[in-house]
Amino acid sequence: MRSRRSRPRARRRALIAAAASVAALALTAVTGCTQEGGRVDMGPTGGTPVEGGTATMALPPAATPNWIFPIGAPGYGASYNYGIQSLLFMPVYDAVQDKGASELTTHGPSTLGGEPKFSDGNKTVTVPLREGVKWSDGKPVTARDIEFWFNLVKANKASWGNYSVGTMPDNVKRFETVDDHTVRLHLSRAYNPDWFTANQLTLMRALPQHAWDARTDGGEVGDWDRTKTGAKTVFARLTRHAKSLGSYGSDPLWKTVNGPWKLAGWRDSGQVTIVPNEKYTGPKSQRPHLDKVVFKPFTTADSEYNVLRSGGVDYGYIPPSVMAQKEKFEEKGYRVDPWEGWAATYIVYNFNSTHAGPMMDQLYIRQAMQHLVDQKAMSDVIWQGSATSTLGPVPVTPKSQYLSDAMEKNQYPFDVRKAQRLLTAHGWKTVDGTARCVRPGTGADACGKGIAKNTPLELTLLSQSGSTETTNMMQELKSSLSKAGIDLSVRQQPLNSVLGNSVPCKTKDPGCDWDMSFFGTAGSWYYPLNPSGEQLFSTDASANFGNYSDKKADRIIRAVQYSPDMKAMHAYGEYLAEQLPVMWMPNPAYQVSVIRNDLRGIGQNPTVTFAPQDWYYVKKKGADK
């Protein structure tokens, strides 16, 4: 999941690889060339670029794209939703990588915005927009389209999945359209330009105001968004259409796009087909080479592998367990390329759980459970060494300026005895395999507030289905926790169900009876360039799925937002690593990709966006058609 998605982004951005055995693959080149005896022997380089063809990309198991409206609702923030939206609607800013560059930036050929300019002591930011870009109906993309987005999110922020109290749009005192291609944000205070660009400006969208600003279907299009009541009515209409998944392919709303692609089909199953937007007016470098791209969903990792093996996927994935046999894929005309992610993987604690809220609220219980997570063993055995430990809210890899020396150290290494001692010291005794509270109360040696005598340490975990790796990790965790008398029940559900059932809630709300939730085998949260945590761990933040609330955490998260001093980020990372707002889990590669050798131009961005407009096929020089 991504915070955009992630990411995330979040995008969450929540994603996995596949599982099965290696077998021979035989495909026919999309370019129309056929070769007797199997695939063209071409290797990962060489060949003559050709225009056209279809590429099919496998989506993660049980991951079903289900949201097209570029203002994401809570529970619809998976990174694949954002990824597809960004191909239809050009992002104003995004984490992009220029060809030949090693570092990511927030603007480039694929973005609508140019380099932002901060002034007035970082209290004002001016955003220039690319000129000459038009919507597919011929109308120009202007600053009014950004204002339309801003007015909608300002009036409907509680229904926006990226909203966190005090951040966008709360932190914009005044939104100004300077001219048709410039907007200016007058901020409520001075902000860290690094944070504001990476985490706030990347949220902005250009929406076709001239086509969408109507209160009713077929009603007059006007400036209704410029009043709070009108913005709410317009937003409600657009959201209603966005919830009609089966009509995406035919709904006129989603035909007005400005990206390099347009929608050709979106099935209820989640299969999405895009084709080039022949009306695209952005940079020539972003015009697609392919005729069609299909994003194909799979219910399980095994089903994806079977389709990959039979030639039904051009860009798929395999489990890390078969990495040692990657030569067999390479011999059949494929390349194997792990997709590393800028992410943190974790299990969410529900601090408002009707059943276990008081237990989740005890730091010593969270510490005991973290000591029972054997991240190294999970990485070595389940992920074949391809995962790195998550030690706090800032990714350990790739190494960055955001990571302090202290954050590279594991504060809670695997230690069963230490976990047992923590529970015993706070009034728990294991009886018949289950720890029970024998010293209720709020003293230093008692179980803690709200935990009654004889309360069993029993927890329920919602977990993503469809992945062998997920199942194995949850079984390993269940076994490990039982060594300290913690009884964990795992309930597996499709990814979208886990996301939908793990939204912020209040203790007595219906649906707030879950204790823990895991929705990201290969990355629970994909960060924007600045890995701050205002969306994840601030009180009442929309992606704070477990309702974590800590006044000190709120204060130091705000410091990251305000201060350009990197010490603020380090203080945040070190404190949250200690306080355990979530259970840190191994962070594997997003996926181990398997890609046809004759499909080129694929860059696996660590923030898990993709740019199929860069993809193209090659054929062997002199090959017969």
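Look up a bit, the structure's there.
What comes next is a walk through the structure. Nothing here was measured: the structure is a model prediction, and the numbers come from that model.

This part is about the packing of aromatic side chains. Taken as a whole, this structure holds 26 aromatic pairs when the rule is applied. Between Phe150 and Phe175, the aromatic rings sit 5.0 Å apart at their centres with planes inclined by 20°, giving stacked as the arrangement. Of this pair, Phe150 sits in helix H2 (residues 143-155) while Phe175 sits in strand S5 (residues 172-179); the two residues are 25 residues apart in sequence, bridging distant segments of the chain. For Phe150, a relative accessible area of 4% puts it in the buried group. When the ring of Tyr346 is compared with that of Phe537, the centres are 6.4 Å apart and the planes differ by 55°; the resulting orientation is tilted. Linking Tyr346 in strand S13 (residues 346-349) with Phe537 in helix H14 (residues 534-537), this pair joins segments that are 191 residues apart in sequence. We note that Tyr346, like Phe537, is buried. One residue, Arg189, lies across the ring of Tyr562, its end atom 3.5 Å from the ring centre. Over the ring of Trp224 we find Arg215, and its NZ or CZ is 3.5 Å from the ring centre.

Here the focus is helix H12 (residues 468-482). Helical periodicity: at 3.6 residues per turn, an α-helix aligns residues three or four positions apart in one direction. Given a rise of 1.5 Å per residue, 15 residues ought to cover 21 Å, and the 21 Å separating the end C-alpha atoms of H12 matches this to within 8%. Residues of H12 that are buried: Glu469, Thr470, Met473, Met474, Leu477, Ser480 and Leu481. End-on, the buried residues of H12 take up no more than an arc of 125°, which puts them together on one face. For H12, the capping residue at the N-terminal end is Ser467, with a side-chain oxygen 3.2 Å from the backbone nitrogen of Glu469.

Let us look at unusual backbone geometry. In the segment running from Met168 into Pro169, the intervening peptide bond is cis, with an omega of 5°. Among the structural elements, Pro169 can be located in the loop between H2 and S5. Of note in the backbone geometry, Asn454 takes a positive phi value of approximately 70° without being a glycine. Tracing the backbone shows Asn454 in the loop between strand S15 (434-437) and strand S16 (458-464). According to the relative accessible area criterion, Asn454 is partly exposed, its value standing at 45%. A positive phi is found at Val608, a non-glycine position, where the angle reads about 65°.

Now for the pairing of S16. For S16, the tally of buried residues reaches 5 of 7 residues, placing the bulk of the element in the interior. Looking at chain direction, S16 and strand S17 (residues 487-493) are connected through 7 bridges and run parallel. Looking at S17, one finds that Leu461 is bridged to Val490. The β-α-β motif built from S16, the intervening H12 and the parallel element S17 has right-handed crossover chirality. Alignment of S16 against strand S18 (residues 516-518), held across 3 bridges, turns out to be parallel. Looking across to S18, one finds that Leu462 is bridged to Ser517.

Basis of the calculations
Residues numbered from 1 in each chain as written. Predicted model: local features only at pLDDT ≥ 70, side-chain atom pairs only at ≥ 80, totals over all residues. Heavy atoms only, no water. Phe/Tyr/Trp six-rings, centres within 6.5 Å; stacked < 30°, edge-to-face > 60°. Helix = DSSP H or I, 4+ residues; strand = E, 2+ residues; numbered from the N terminus. Buried < 20%, exposed > 50% of the residue type's maximum accessible area, 1.4 Å probe, protein only. Lys NZ or Arg CZ within 6 Å of the ring centre and 35° of its normal. Expected span 1.5 Å × (residues − 1). Arc of directions from axis to C-beta. Polar contact = N/O pair within 3.5 Å; in protein donor to acceptor, adjacent residues only side chain to side chain. Pairing = 2+ DSSP bridges. Right-handed = clockwise from strand over helix to strand, strands pointing away.

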